[in-house]
Amino acid sequence: MVTVNVICIGKLKEKYLRDACSEYIKRLGAFCKINIIEIEPSPLPDRPSEGQIENALSAEGKKILSKIPAQSYTYAMCIEGMERSSEALSRETAALPVRGISSVNFIIGGSYGLCDAVKSAADARLSMSPMTFPHQLARVMLLEQIYRAFQISSGGKYHK
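Residues numbered from 1 in each chain as written. Predicted model: local features only at pLDDT ≥ 70, side-chain atom pairs only at ≥ 80, totals over all residues. Heavy atoms only, no water.

Visitor: Describe the packing of helix α3 (residues 86-95) against helix α5 (residues 135-153), and please don't skip the residues or the numbers.
Guide: At a closest axis distance of 8 Å, the pairing of α3 and α5 adopts a crossing angle of 75°. The angle between α3 and α5 places the two elements in the roughly perpendicular class. Together, Ser86, Glu87, Leu89, Ser90, Thr93 and Ala94 of α3 and Gln145, Arg148, Ala149, Ile152 and Ser153 of α5 make up the contact between the two elements. A per-class count over the contact of α3 with α5 returns four nonpolar, five polar and two charged. (Axes fitted to C-alpha atoms, helices over the stretch in contact; angles between N-to-C directions. Helix = DSSP H or I, 4+ residues; strand = E, 2+ residues; numbered from the N terminus. Parallel < 35°, antiparallel > 145°, perpendicular 65-115°, else oblique. Contact = heavy atoms within 4.5 Å. Nonpolar A, V, L, I, M, F, W, Y, C, P; charged D, E, K, R; others polar.)

This is how it looks when you write it as structure tokens:
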């Protein structure tokens with residue numbers, strides 16, 4: 001069974017977002033082993049300088065990189081990433097076990113994104129949309145798309 005790790009900065013604050021994530025995590029249990037790995041964000045002042053942001057992203061990046069298992073495939077979720085259709089993501093992730101890859105990681109940064117080291121270490125950069133979404137909502141959207149990808153590859157009726 002494939003292991004999917006969603007590595008993210010911060011915890012979900014709103015109950016409705018936690019509930020939505022819990023629902024997709026429950027559904028994903030039929031297809032994979034799913035892990036949500038939450039990393040404490042680096043503290044920043046209310047109006048951080050560019051240097052403070054860079055230092056925080058670098059510190060978060062080191063923590064993220066330490067959570068990526070060896071021999072796994074990693075997607076960095078970032079605005080400059082490639083957009084993929086649900087079908088394309090499904091084909092991509094379904095092909096990984098055939099290549100001997102049994103662990104897939106999706107990395108969601110905090111409100112300032114991801115450092116270059118994390119983006120460079122990733123096998124692919126993935127964007128959900130050119131629009132900007134709250135990073136906490138991104139987790140729900142990502143889990144839904146992962147679930148949709150498994151449904152597509154298994155011939156389920158969820159995707160229409």
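Visitor: Can you break down unusual backbone geometry residue by residue, with the values?
Guide: Across the chain, the bulk of peptide bonds are trans and the bulk of non-glycine residues have phi less than zero. At Gln71, a residue that is not glycine, the phi angle is positive and equals roughly 60°. Relative to the helices and strands, Gln71 is located in the loop between α2 (50-66) and β3 (73-83). Take Gln71: its relative accessible area is 71%, and that puts it in the exposed class. (Buried < 20%, exposed > 50% of the residue type's maximum accessible area, 1.4 Å probe, protein only.)

Visitor: Which residues make up the sheet that holds strand β2 (residues 33-39), and what are the values?
Guide: If you trace the five strands from one edge of the open sheet to the other, you get β2-β1-β4-β3-β5, paired in parallel fashion. Each end of this open sheet is capped by a strand with a single partner; those strands are β2 and β5 (124-127). Mean inter-strand twist for the sheet, computed between neighbouring axes without regard to direction, equals 30°. The sheet contact formed by strand β1 (residues 3-9) and strand β4 (residues 103-108) spans six bridges and is parallel. When the sheet's bridge partners are listed, Ile7 is paired in β4 with Ile107. Set on the sheet, α2 makes contact with β1, β2 and β4; between it and β1 the angle comes to about 165°. (Pairing = 2+ DSSP bridges.)

Visitor: Give me a nonpolar patch on the surface: which residues, what numbers.
Guide: Together, Met131, Phe133 and Leu137 make up a nonpolar patch on the protein surface, roughly 260 Å² of accessible area in all. Given the relative accessible area of 33%, Phe133 is considered partly exposed. (Patch = residues over 30% accessible without salt bridge, like charges linked within 9 Å, V, L, I, M, F, W, Y side chains within 5 Å. Areas by Shrake-Rupley, 256 points an atom, 1.4 Å probe, with all protein chains shown as cover. Salt bridge = Lys/Arg side-chain N within 4 Å of Asp/Glu carboxyl O.)

Visitor: Before we move on, can you summarise the packing of aromatic side chains with the specific residues and values?
Guide: One pass over the structure, following the stated rule, counts five aromatic pairs. Plain terms: the ring middles of Phe31 and Tyr147 are 6.1 Å apart, the flat faces sit at 65° to each other, and that makes the pair edge-to-face. Placement of the pair is Phe31 in the loop between α1 (15-28) and β2 and Tyr147 in helix α5, with a sequence separation of 116 residues. For Phe31, a relative accessible area of 23% translates into the label partly exposed. Ring geometry for Phe31 versus Phe150: centroids 5.6 Å apart, planes at 20°, classification stacked. With a gap of 119 residues between them, Phe31 in the loop between α1 and β2 and Phe150 in helix α5 connect regions that are remote in the sequence. (Phe/Tyr/Trp six-rings, centres within 6.5 Å; stacked < 30°, edge-to-face > 60°.)

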